[in-house]
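Fold and contact review
Read off the chains here:
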Amino acid sequence: MAEPVLYALGFDGSGGGQQLAGDDITDWLRDDRLAWVHLDADNSGTRQWLQSNLDYLDPTVFEMLLAHDTRPRAEMIDDGLLLILRGVNLNPEARPEDMISVRLWIQKQRIVTLRKRRSKAISDIRAALEQGTGPKNAGDFVVSLTARLLERMTPSLNELKSELETIEDSVYMARQRDITAQLLHIARRAITFRRYLEPQKDAIIELTGAGPAWLDNSQLLSLSESRNTVNRYLEDLNAIKEKAKLLSDQISNILAEKMNRNMYKISIISAIFLPLGFITGLLGVNVAGIPGAEHPLAFGILGLLLVILVAIQIGLMKKSNWF
């Protein structure tokens with residue numbers, strides 16, 4: 001069976017980290033040296049690992065960390081922090097708005113993270129530690145992870161805005177029904193992003209307001225900047241949603257105008273041919289006494305009279321500003 005620990009690193013306090021394995025992981029977690037352990041949340045042995053190495057925690061914390069579906073949150077529990085954040089899904093063949101959860105239990109001298117799907121932000125931090133340019137302490141880790149998760153959302157949100165601008169430019173040229181389907185897709189993606197960013201903003205506010213003592217002023221300032229970034233993203237998503245609605249309303253108006261114009265044309269054509277149909281229908285009844293039935297020029301005269309009638313009708317319609 002695969003091990004629940006994906007990897008573990010011990011921090012050197014200067015931005016670097018050394019790989020840990022076996023008993024070294026337990027030793028680092030139980031002394032004053034800062035260690036980071038990254039676990040597979042779907043591994044059947046993860047719960048047992050947590051209970052063995054974090055036995056001082058309430059079982060409810062384990063349930064929060066291993067929950068199938070999570071929302072961003074920040075909970076202070078004694079001197080530790082339960083933190084759940086979301087980031088865009090950048091895995092192959094995945095939709096960015098199908099956001100990945102990153103679950104963390106953090107204390108001043110230990111960091112435990114869990115994943116269900118691979119997170120680029122977590123991978124970035126690991127690479128930075130291996131290169132000696134990573135976080136130096138638990139506070140730096142929280143700041144770095146929060147910033148990297150938000151940073152990777154920017155291209156996805158810019159893509160949404162770009163798609164919307166392209167649609168706006170083609171409203172009058174493309175098929176409106178096709179554009180309506182695209183607008184609906186964009187609106188749904190924006191709603192999905194917003195679903196997780198709203199509680200993520202609340203989680204960051206909780207960190208900056210009543211966060212752990214091991215977050216220093218510089219780190220709190222960085223988290224405040226992340227909060228401002230989330231606010232900007234939410235404003236962009238609101239603008240995308242409103243713009244999509246306006247474009248959808250505009251398309252509905254265009255379609256309604258086309259329908260009304262077509263119905264108007266049909267009404268005019270019907271108004272012209274209604275008396276013609278009445279006359280020809282009257283003359284076509286199969287009874288005796290129809291005028292001109294035996295006259296050789298009767299059909300030509302009737303056709304001429306019908307043409308004259310149409311001309312009179314068109315003249316009267318133009319005079320009445322029908323068209």
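Position numbers for residues start from 1 in each chain and track the written sequence from start to end. Given that this is a predicted model, residues contribute local features only at a pLDDT of at least 70 and side-chain atom pairs are listed and counted only at 80 or more, while totals for whole chains, interfaces and linings are drawn from all residues. Computation of side-chain values covers all heavy atoms of the structure but excludes hydrogens and water.

On a plain count of helices and strands, the protein chain comes out with nine helices and seven strands. For the radius of gyration, the atoms used are the C-alpha atoms, and the globule rule reads 2.2 Å times the number of residues raised to 0.38. Over its C-alpha atoms the protein chain spans a radius of gyration of 35 Å, topping by over 25% the 20 Å that the globule rule assigns to 323 residues. For every residue, the accessible area (1.4 Å probe, protein chains only) is compared with the maximum for its type, and the residue is labelled buried under 20%, exposed over 50%, or partly exposed between those bounds. Burial statistics for the protein chain: of 323 residues in total, 40% are counted as buried. It only takes one pair of heavy atoms within 4.5 Å for two residues to be counted as in contact. Of the contacts formed within the protein chain by residues at least 6 apart in sequence, a portion of 68% connects residues at least 24 apart. Counting every atom, the protein chain has about 17,900 Å² of accessible surface; 54% of that belongs to carbon and sulfur. Labels follow the DSSP assignment, with helices taken as runs of H or I lasting at least four residues and strands as runs of E lasting at least two, numbered in each case from the N terminus. Shrake-Rupley sampling with a 1.4 Å probe provides the accessible areas, and residues are treated as covered by the protein chains on show and by no other component.

The next thing to look at is empty space enclosed by the protein. Lining residues are those with an atom within 4 Å of a point, where the points come from a 1 Å grid over the protein atoms alone and group into cavities, where a 1.4 Å probe fits but cannot get out, or pockets, open sets with protein on both sides within 12 Å along at least five of seven lines. Grid points are joined across faces, edges and corners, and a volume is the space filled by probe spheres set on the points. Overall, the coordinates contain one cavity of 30 Å³ or more when judged by the stated rule. Here the largest cavity is characterised by a volume of approximately 80 Å³. Lining of the largest cavity is provided by G87, V88, L90, I100, R118, S119, K120, A121, R148, L149 and R152. Counting residues per element, the ones that place at least two in the lining of the largest cavity are α4 (120-130) and α5 (138-151).

Whenever strands of a sheet pair, they do so through backbone hydrogen bonds, lying parallel or antiparallel. Here the rule is simple: two strands pair whenever DSSP picks up at least two bridges between them. Reading across the sheet, the seven strands line up as β2-β1-β3-β7-β6-β5-β4 and stay open at both edges, with mixed pairing between neighbours. Here the strands that pair on one side only, and so sit at the sheet edges, are β2 (17-19) and β4 (73-77). Strand after strand, the sheet turns through a mean of 20 degrees between neighbouring axes, direction not considered. Pairing analysis gives five bridges linking strand β1 (residues 5-11) to strand β3 (residues 35-40), with the strands arranged antiparallel. For G10, the partnering residue across the bridge sits in β3 and is A35. Every axis in this analysis is a line fitted to C-alpha atoms, fitted for helices over the stretch in contact. Angles between the N-to-C directions lie between 0 and 180 degrees. Where α4 meets the sheet, it contacts β1, β2, β3 and β6 (100-107), and its direction lies at approximately 40 degrees from that of β1.

Take unusual backbone geometry next. Phi at D78 takes a positive value of approximately 55 degrees, unusual for a residue other than glycine. Residue placement: D78 occurs in the loop between β4 and β5 (80-87).

This part is about the packing of aromatic side chains. Working definition: rings of Phe, Tyr and Trp (its six-membered ring) pair if their centres are within 6.5 Å, and the pair is stacked with planes under 30 degrees apart, edge-to-face with planes over 60 apart, and tilted otherwise. Under the definition given, this model contains two aromatic pairs. Where Y7 meets W36, the ring centres are 5.6 Å apart and the plane angle is 90 degrees; that geometry is what we call edge-to-face. Placement of the pair is Y7 in strand β1 and W36 in strand β3, with a sequence separation of 29 residues. Between the aromatic rings of W36 and F141, the centroid separation amounts to 4.9 Å while the plane-to-plane angle is 65 degrees, which identifies the pairing as edge-to-face. Taken as a pair, W36 in strand β3 and F141 in helix α5 lie far apart in primary sequence, 105 residues in all. The residues W36 and F141 share a single accessibility class, namely buried. Grouping aromatic residues by their ring pairs yields a cluster made of Y7, W36 and F141.

The topology assignment puts A190 in helix α7 (residues 176-210). Expressed as a C-alpha distance, the spacing of A190 and A256, which sit 66 residues apart in the sequence, is 27 Å. If we skip the residues at most four places from it in the chain, A190 touches L160, L237 and I240.

Glancing now at the environment of L255. Take L255: it is sitting in helix α8 (residues 217-283). C-alpha separation for the pair L255 and L81, spaced 174 residues apart in sequence, amounts to 54 Å.

Once that is clear, we can look at the pairing of β4. One ladder, built from five bridges, connects β4 with β5; its direction is antiparallel. Residue pairing in the sheet places E75 in a bridge with L82 of β5. From the end of β4 to the start of β5, which pair antiparallel, there are two residues, and D78 there has a positive phi angle of about 55 degrees.

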